[in-house]
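Each chain is listed here by its residues.
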Amino acid sequence: MEKFKTYSIAIPLLLFLDGTIMQLIFGKFPINSFRFPVNFTLIFALLIILALVFIFYKTKTIVKFLSSGYAALSSILFFIFHVIIMVIFSQNDHYSGFWGAIGFHKITETWSYAYSSLYLLLSLGMVSFRRLTPFNTRNIFFYFNHFGLWIVIAFASLGQADKLKLFISVPENDIVWFGTDSDGNFHEIDFAIKLNKFNLAFYSPQLAILDDNGELLKVKEFHPVDFVKDTEIKYKNFNFKCLDLYEDAIIFKDSVVFIDDLPEKTWLGTVEISNKSRKDTVYLSTATSFHPPKIEKLGKNLNLILLPSEASYFGSKIEIYTEKDSKPGKFIIEVNKPLKLGNWTIYQNSYKKNPGNVNYISIFSAVYDPWIKIVYVGIVMMLIGAIYLIFSRKKEFKK
Amino acid sequence: MIWQILNITFIIFVSLWLVGTIFVFFNKNKIKTTKISLILPGIANLILLTFIILYWIEIERPPLKTMAETRLWYAMFVSLIVWVIFIRTKSKPLYLLGFIMSTVFLLVDLIHPEYQTKNLMPALQSPWFIPHVVIYMISYAVLAAACLTTLIGYYNYLKSNTIDHENLRLAMNLVYPGFALLTIGMLLGAVWAKIAWGDYWSWDPKETWALLTWLFYMLCIHLDYSFPNKRKTLMFLLAFSFIVLIITWLGIRYFPNGMSSIHVYGN
Ligand code: HEM
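Values in this document were obtained by computation on a predicted structure and should not be read as measured data. Here the residue numbers are simple positions, counted from 1 along each chain's written sequence. As a convention, the first chain written is A and the first ligand written is 1, with the rest following in written order. Local features in a predicted model are, by the rule used here, given only for residues with pLDDT of at least 70; side-chain atom pairs are given and counted only at 80 or more, and totals for whole chains, interfaces and linings are based on all residues. The basis for every side-chain value is the complete set of non-hydrogen atoms in the structure, without hydrogens or water.

Student: Any chance you could explain the interface of chain A and chain B here in plain terms?
Tutor: Quoted interface sizes are often the accessible area lost when the parts come together. With 65 residues of chain A in contact, the opposing surface of chain B contributes 57 residues. Put simply, buried area is how much 1.4 Å-probe accessible surface two parts lose in total, over both of them, once they are put together. Each partner contributes to the roughly 5,500 Å² buried at the junction of chain A and chain B, and carbon and sulfur atoms together form 65% of this total. A pair is scored as a salt bridge if a Lys or Arg side-chain nitrogen falls within 4 Å of a carboxyl oxygen belonging to Asp or Glu. Here chain A and chain B share three salt bridges between them. Between Lys163 of chain A and Asp199 of chain B there is a salt bridge, and its shortest N-O distance comes to 2.4 Å. By definition, residues are in contact when any of their heavy atoms lie within 4.5 Å.

Student: What am I meant to see in the domain arrangement of chain B here?
Tutor: Residue and element names in this part refer to chain B. What the domain assignment reports for chain B is domain 1 (1-115) and domain 2 (122-267). For domain 1 and domain 2, the distance between their C-alpha centroids amounts to 21 Å. With 22 residues of domain 1 at the contact, the number on the domain 2 side is 24 residues. Together domain 1 and domain 2 conceal approximately 2,100 Å² of surface at their shared face, both sides included; 89% is due to carbon and sulfur atoms. On the domain 1 side of the interface with domain 2, the three residues burying the most area are Leu64, Met67 and Tyr74, jointly 27% of the side's total. Counting across the domain 1 and domain 2 interface gives zero salt bridges. Polar contacts, as counted here, are pairs of nitrogen or oxygen atoms within 3.5 Å of one another; within protein the pair requires one atom able to donate a hydrogen and one able to accept it, and residues that are adjacent in sequence qualify only if both atoms are side-chain atoms. Applying the counting rule to domain 1 against domain 2 returns one residue pair in polar contact (both at pLDDT 80 or more). Only DSSP runs of H or I reaching four residues or more are called helices, and only runs of E reaching two or more are called strands; each is numbered from the N terminus. Put simply, the parts of the chain that give the side of domain 1 that touches domain 2 at least two residues each are α3 (67-89) and α4 (92-111). Broken down by element, the residue count for the side of domain 1 that touches domain 2 peaks at ten residues, all from α3. Looking at side-chain class alone, the side of domain 1 that touches domain 2 contains 16 nonpolar, four polar and two charged residues. An automatic or database domain assignment provides the domain bounds reported here. Residues are grouped as follows: Ala, Val, Leu, Ile, Met, Phe, Trp, Tyr, Cys and Pro are nonpolar; Asp, Glu, Lys and Arg are charged; all remaining types, including Gly, are polar.

Student: Could you clarify how one ought to interpret the pattern of salt bridges in this entry?
Tutor: Side chains carrying opposite charge are able to pair once their charged atoms draw close together. Residue and element names in this part refer to chain B. Summed over all chains, the structure comprises 17 salt bridges over all chains. Ionic pairing is found between Glu60 and Lys118, a salt bridge with its closest N-O pair at 3.6 Å. In this pair, Glu60 is assigned in the loop between α2 (30-59) and α3 and Lys118 in the loop between α4 and α5 (129-160), connecting sequence segments 58 residues apart. Relative accessibility decides the category of a residue: with a 1.4 Å probe and only protein chains considered, values under 20% of the type maximum give buried, values over 50% give exposed, and everything between is partly exposed. Given a relative accessible area of 61%, Glu60 falls into the exposed group.

Student: Sorry, what's going on with the coordination of the iron atom of the ligand here?
Tutor: Tetrahedral metal sites with four donors have an ideal angle of 109.5 degrees; octahedral sites with six donors have ideal angles of 90 or 180 degrees. Sites may look incomplete because water is not among the atoms; the donors themselves are N, O and S atoms within 2.8 Å of the metal, or within 3.2 Å for Na, K and Ca. The iron atom of the ligand binds to the protein through His146 of chain A (NE2) and His222 of chain B (NE2); the donor distances cover 1.9 Å. What the six donor atoms of the iron atom of the ligand show is an angle range of 86 to 179 degrees at the metal, which sorts the shape as octahedral. Of this pair, His146 of chain A sits in helix α7 (residues 137-159) while His222 of chain B sits in helix α7 (residues 205-226), which puts the two residues in different chains. Of the two residues, His146 of chain A and His222 of chain B, neither departs from the other in class, the shared state being buried. For four-coordinate sites, all angles between 85 and 135 degrees define a tetrahedron; for four- and six-coordinate sites, opposite donors beyond 155 degrees with the remaining angles between 65 and 115 define square planar and octahedral shapes respectively, and all other cases count as irregular.

Structure (structure tokens):
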């Protein structure tokens, strides 16, 4: 066992050393050369090799070590090392200098990280083979946990070479058939999106108090409240009562004017303010990019305002044009409700205002991720294994 | 507003638990003691649960959005779990520590009420939201009980210089389900993220810390299974893992990369 202890320390050290040398010579790990069919072939080959080694060298050190608790702790700790780097060093490409050169500012793209994943796969894979026999309940769930994780690591890491995520910005009434990836490169896609209507809904705004620097008061003193009719709030010796709330309205020469097609959501609220010396009703309105807010100054560090309201819903009514279908299909895409379209899944990502225009631009992301189904198989296996794990130790409670 | 009666709820909760604790430690009549020390905290837990439900009804969304709200659940689950463990093991120190822990979390909520609003951003309007967060909260509470158990074991170790195996066994019996729930919470989160944004994992700081927590508890399980004579290391690892957990939950905003997380609660 002394031998195993030595291995469990030496292997991560050697892997890290070698990984770092590779990093310095070749730069980041070339994940993009693992596109299909390379990734699939490799994973398949890895499984075959693990199986053959397991079958023919069952009693040899390599199988014994890789499926031992030593290898488990050593591979998990080596992986933990990378995750710790990740929380200590800010993770973005642009850093140079020593830490940048050895990849600590983008640890998931280093050789060392790739080696670490491989080490996990070897250890997990070997122990999964070893625990295939004897075939009993405990081993089956062991297998679900460990081989499920094996599948997730293998297909999530090598599968990402094939993954493509494009952002597609479509203004209302416009049609778009290209997107940009996260590096800003243009890609043509094999379908086109026409945005018929972008729908947005808002929560009612909140009544808040700002100090004279424009900062919200500390929550303990006064926390913003949803503007709901007849809500009464006390602050210092003031009493505020929310009265009416108008959407898409502005205040003009002391009267409320409703305007259709305002370029942004605006709210106008009336609040009754009373204290010992006064009792009156004031108008407050939210700020937009085309008009200033209407606030009520009540004293030093005491400005009553309406905060801009938060979106409660956004979604897009779209038509999709593809080469195959002569007629466009009509769909609605919302946050949490993506659209599956062949190999692509289209998500509602965000939106922005079209400058100088009353329309919105809806921002979609289209994701091509061919290995997701296999990753889900791994996830489901792990879920089943975890459910078993919740109950597996119960009987050992001592009375 | 229901939140305004948190102080009353708090006082009732603490009083009931306190009476229960006094009975556990100072009364000699075993059978009656056990009954009172179970019934009163049981009622206290029910009252806290009722508070959460009433608050949920009032704000018309699951109260899982702000830090203050998650602390409320946490206090409830910790006291519930410690209560259940007490039924099974009659561990007095754990009873006391669990009670103190829930009290602290409720107290923080009284001091930092945070910003209560009905608003729930569209990304959180999903059937995955409740299971994901609730499972994490239960898991955190179970692992808190495991950590408290370990601390009791460590105290015994300092006193007698022998390792309290019974105690570590109890701790590990909590770590197994706690770790399993952590796994489930994380996987549900990954599936949800895939459905909402198209990526099941994005190395966001909160996700990275959550992974770290998971990996540390994984180490505990494997150390316990494969190296059953490394008890002292296990004790330290258990305590350390809980520190990582607490940073994941409460502390990442104080780390250099923390504030960029999309998961930082509240505003
Ligand atoms: C990085 C990945 C992992 C590696 C390398 C690994 C490896 C191992 C090894 C070598 C053992 C000892 C098996 C034996 O001696 O028969 C073991 C046991 C165990 N592992 Fe893992 N494991 C990993 C991840 C996991 C995960 C994700 C879970 C749970 C979700 C898990 C749960 C367990 C359990 C419960 C045992 C005890 C075995 C039993 O109760 O039969 N492991 N693992």
